[in-house]
Amino acid sequence: MNTRLKRPATALRGLLGAGALLVAGTCIAQWGTYEKPFAVDSLWNSRPVNPVLGEFQIPPSQYSPAVSEGAYSTGAFLARESDKPMTIIGHPGKTGVWDPDAEARRDITIPRWPADTVPATGSDGHADIVDPIAGVIHSLYQLKLIDGKWRASQYAWTRLNGRGWGDPAHYYQGARAAAVPSIAGIIRKHEVNDGDTMYRHALAMSLTFNGLSAKPTYLFPATSADSNAATTNTGQVPEGALLMLPASFNTAALREPALRKVAETLKTYGGYVVDRNHGTPFVIYVENGSGYGLHKGGWNAAAGADLEDIRKALRQVVSAAGWVDAQGRSFTPTRNLNLLSMRGTWTRREGQPVGVFDTWKQAVVFTPGTTKVVQTNWSGRAANPVAWAMPVKGRQYRLTASTTGGAQLRVQIVDKATSKFSYDSGDMANGATTTFEWPLESNYSVVTTATNPAGAEGTVGGTLVAVD
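Residues numbered from 1 in each chain as written. Predicted model: local features only at pLDDT ≥ 70, side-chain atom pairs only at ≥ 80, totals over all residues. Heavy atoms only, no water.

Brief notes about the environment of phenylalanine 220
Here's step 1: Structurally, phenylalanine 220 is set in the loop between strand E16 (203-207) and helix H3 (229-232).
Here's step 2: On the basis of relative accessible area, phenylalanine 220 is assigned to the buried category, the value being 12%.
Here's step 3: The residues touching phenylalanine 220, leaving out its near neighbours within four places in the chain, are Leu43, Arg163, Gly240, Pro333, Thr334, Arg335 and Trp388. (Helix = DSSP H or I, 4+ residues; strand = E, 2+ residues; numbered from the N terminus. Buried < 20%, exposed > 50% of the residue type's maximum accessible area, 1.4 Å probe, protein only. Contact = heavy atoms within 4.5 Å.)

In C-alpha cells, the structure reads:
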C-alpha cells in the first residue's frame, strides 16, 4: 500500500476502486475494491443472524481436510492503468475460449493484463484478474502460457462491486463450478497476519463427492454446479450452501493457532461451497503466494486433529432469523433478480449486419448499417432455468427495455404445446416498461427480437423481474 500512497489521490482511487477512501494520508480499503471485493451487502461480506443448522455431517474421505493455498486455489492479480491488453485464445484444437454467459467460443481480450499473472498449477489452472478501473473481475479456468500465448478453457466475469454471485440472466460469473470467481471468499494474503481474530467475510470451500448433494445440485445463491453432479454426488450438501460451526464450538480448544481464526470465521460468517474436489472432506481456499501453510516441514498432527474436529462440527445453514451486512445493517437478501438475457443464437430477419451479444454490456450490440436490422432469438436461452428463480404462472412480472441508438426490444412467450404466443410485449424503446402476468407453468420458451434503425450504433438489452 505504501507505494500507492505516493500517487495523487485521484490515481489512487482509480487503482483501488470507487469504494476506497483517503483519510489523513492513510488508505482505508472499502468494499468493492481489490482487497475487499463485492458490495457491502454481498453475501460474501455478510453474516446470518441466529442461523439454524442441519444434521448432516461431512463424511471422512481419502485425505484429511485442508485449509491451504496451492495447485487448486488461485491468485488475485491487480490490473493497473499502465498494463497492456492481452488476448486469451483456446487451447490447441479448440476454437476460442468457452464463455458460458454468451454460450459461445471466442477469443477474449482482457483490456489490462498484469505482468505478474501466474495461474494455479493444478488442472483447474485458476487465475483472477481484478480490474478496478473497469470495475470487473476477470475469472479464468485452465489458464496456461503455451508457446508464448495465453490460453484458457473458460472465461467469465463479475462486477467488482457486485453481489459476487450469478443471477438468472448473467448466470455464470466466475470460474468455480458454482459460477463465482475463484477469488470469492478466499483467505487473502493481506488477511493472514492482520492481527484480527477472524476473517471478515464468508470463506470459500469445496467438498468431495460423498459430501455434495445430487439433488439439488445447487441452491441460492449459486446458479450452477459441476456438470455431472446429479449422477456422481452421494452426499447432502448442494453447492451454494453455507456451512457454519455452531456457536457452542470451542475455538480455544484448537491446538493450531492459525485454525482458531478460521474457526471463529466459520462460527460468524461461515463458508460457502463453491466447488468439488477429489477425495478431501473439505478444502478452504487461501490466496496463492500468501505463505499460509499448516503442514510446513511435514505433517502437523495437531492441525490434522483440529481439522477433523471442525469437519465433525460443520453443518449446513438451513435458515436464519436475518442478515447483517459488512457495516452492521440488517437486510434481506433478494432472490428477485433479472431473468432476461440477450444471449443465444440470433436469426436475421431483415437488414445487416446482425447484432452480436456482448457479455460485458449484457446487450446485443449493432454496428451502423445502411438498412434497418431485425433479428430474432428463437434459441430459448433468453431465460436460463435457474432452479430457485423459475417464473411462476399467475405472478406479475415487469419488463423494462434498455436500448441505445433508437433500437427496440420485443419479448414474446411461446406455448410449446400449441406453438402460439401466450404473451407479446410489442416493440419497446429505451426505458419503456410493461407489467404482465406470467401465462404458463411450464413448457414455454422466451423469444426475443432486437430491431436497430439504419445508420445507428444501437444496443438492445432489458430486465425482467417479478413484481413484489
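Quick notes on the sheet that holds strand E29 (residues 420-424)
Here's step 1: Read from one edge to the other, the open sheet built from five strands follows the order E23-E26-E31-E28-E29, with strand pairing classed as antiparallel. Only two strands of the sheet have a single partner each, and these edge strands are strand E23 (346-350) and E29. Here the strands of the sheet are splayed against their neighbours by 30 degrees on average, with no regard to which way each runs.
Here's step 2: In terms of strand pairing, strand E28 (residues 408-415) meets strand E31 (residues 444-452) through eight bridges, oriented antiparallel. Within E31, the position partnered with isoleucine 413 by the bridge is valine 446. (Pairing = 2+ DSSP bridges. Axes fitted to C-alpha atoms, helices over the stretch in contact; angles between N-to-C directions.)

Side note on helix H4 (residues 257-268)
Here's step 1: With 12 residues, H4 ought to run about 16 Å at 1.5 Å a step, and its terminal C-alpha atoms sit 18 Å apart, in line with that.
Here's step 2: Those residues of H4 not exposed but buried are Leu259, Lys261, Val262, Ala263, Thr265 and Leu266.
Here's step 3: At the C-terminal side of H4, glycine 270 shows a positive phi close to 85 degrees. (Expected span 1.5 Å × (residues − 1).)

Digging into the sheet that holds strand E21 (residues 322-324)
Here's step 1: Taken in spatial order, the three strands of this open sheet run E3-E21-E22, and their pairing is antiparallel. The open sheet is flanked by strand E3 (47-49) and strand E22 (330-331), the only strands paired with a single partner.
Here's step 2: Where E21 meets E22, two bridges bridge the pair, whose relative direction is antiparallel. What sits directly across from tryptophan 323, in E22, is phenylalanine 331.

Brief notes about the packing of aromatic side chains
Here's step 1: Summed over the entire model, instances satisfying the criterion amount to 11 aromatic pairs.
Here's step 2: Centroid distance tryptophan 44 to tryptophan 165: 4.9 Å. Interplanar angle 5 degrees. Geometry classified as stacked. Placement of tryptophan 44 in the loop between strand E2 (26-28) and E3 and of tryptophan 165 in the loop between strand E15 (154-159) and helix H2 (189-192) is noted, with a sequence separation of 121 residues between them. A single burial state applies to tryptophan 44 and to tryptophan 165, both of which are buried.
Here's step 3: When the centroid spacing of 3.8 Å and the interplanar angle of 15 degrees are considered together, the rings of tyrosine 423 and phenylalanine 436 count as stacked. Of this pair, tyrosine 423 sits in strand E29 while phenylalanine 436 sits in strand E30 (residues 433-437), and the two are 13 residues apart along the sequence. (Phe/Tyr/Trp six-rings, centres within 6.5 Å; stacked < 30°, edge-to-face > 60°.)

Some details on the pattern of salt bridges
Here's step 1: Under the defined criterion, the tally for this structure stands at 14 salt bridges.
Here's step 2: Put simply, arginine 329 and aspartate 325 hold a salt bridge, and the shortest N to O gap is 3.0 Å.
Here's step 3: Put simply, aspartate 424 and arginine 410 hold a salt bridge, and the shortest N to O gap is 2.5 Å. One end of the pair, aspartate 424, is in strand E29; the other, arginine 410, is in strand E28, and 14 residues separate them in sequence.
Here's step 4: Residue classification places aspartate 424 among the partly exposed positions, given a relative accessible area of 33%. (Salt bridge = Lys/Arg side-chain N within 4 Å of Asp/Glu carboxyl O.)

Observations concerning the nonpolar core
Here's step 1: Ranked by size, the top nonpolar core spans 69 residues in total, and within it Trp44, Trp165, Tyr272, Leu340 and Leu399 carry the most contacts.
Here's step 2: Tyrosine 272 has contacts with Leu43, Trp44, Trp165, Ala202, Leu203, Ala204, Met205, Pro221, Gly240, Ala241, Leu242 and Trp323, leaving out every residue within four places of it along the chain.
Here's step 3: Counting 30 residues, the second largest nonpolar core, distinct from the first, contains Val67, Leu243, Leu254 and Leu307. (Core = buried A, V, L, I, M, F, W, Y, C linked by side-chain atoms within 4.5 Å.)

Digging into the environment of leucine 78
Here's step 1: Following the sequence through the fold, leucine 78 ends up in strand E6 (residues 76-78).
Here's step 2: Each C-alpha atom of the pair leucine 78 and tryptophan 113 lies 8.6 Å from the other, and the pair is 35 residues apart in sequence.

Regarding the pairing of E31
Here's step 1: Of all nine residues in E31, nine are buried, a share of seventy percent or more.
Here's step 2: Covered by surrounding structure in E31 are Tyr444, Val446, Thr448, Ala450 and Asn452 together with Ser445, Val447, Thr449 and Thr451, the residues of both alternating faces.

Side note on the confidence of the model for the protein
Here's step 1: Summarising the model, the protein shows a mean pLDDT of 93, and 94% of its residues fall at 70 or more.
Here's step 2: Ignoring residues within four places in sequence, the model shows residues 1-29, a span with pLDDT below 50, making 45 contacts including any to other chains. (pLDDT = per-residue confidence, 0-100.)

Observations concerning the side chain of threonine 217
Here's step 1: Looking at the element boundaries, threonine 217 is found in the loop between E16 and H3.
Here's step 2: Leave out the neighbours within four places in its chain, and threonine 217 touches Ala225, Ala229, Ala230, Pro238 and Glu239.

Quick word on unusual backbone geometry
Here's step 1: The residue after lysine 215, namely proline 216, is reached through a cis peptide bond having omega 0 degrees.
Here's step 2: The residue proline 216 is located in the loop between E16 and H3 in this model.
Here's step 3: With an omega of 0 degrees, the peptide bond running from glutamine 352 to proline 353 counts as cis.
Here's step 4: With respect to the secondary-structure elements, proline 353 resides in the loop between E23 and strand E24 (356-358).
Here's step 5: Residue glutamine 362 is not a glycine yet carries a positive backbone phi of 50 degrees.
Here's step 6: For glutamine 362, the position within the fold is in the loop between E24 and strand E25 (363-365).
Here's step 7: Backbone geometry at asparagine 443 places phi at a positive 55 degrees, although glycine is not the residue there.
Here's step 8: Summarising the element assignment, asparagine 443 is placed in the loop between E30 and E31.
Here's step 9: Judged by relative accessible area, asparagine 443 falls into the partly exposed class, the value being 45%.

Points about the packing of H4 against helix H5 (residues 301-313)
Here's step 1: Between H4 and H5, the least distance of the axes is 11 Å, while the angle of their chain directions is 10 degrees. Between H4 and H5, the angle is such that the two are roughly parallel. Residues Leu259, Ala263 and Leu266 of H4 form the contact with H5, whose participating residues are Ala303, Asp306, Leu307 and Ile310.
Here's step 2: Taken together, the residues of the contact of H4 with H5 sort by class into six nonpolar, no polar and one charged. (Parallel < 35°, antiparallel > 145°, perpendicular 65-115°, else oblique. Nonpolar A, V, L, I, M, F, W, Y, C, P; charged D, E, K, R; others polar.)

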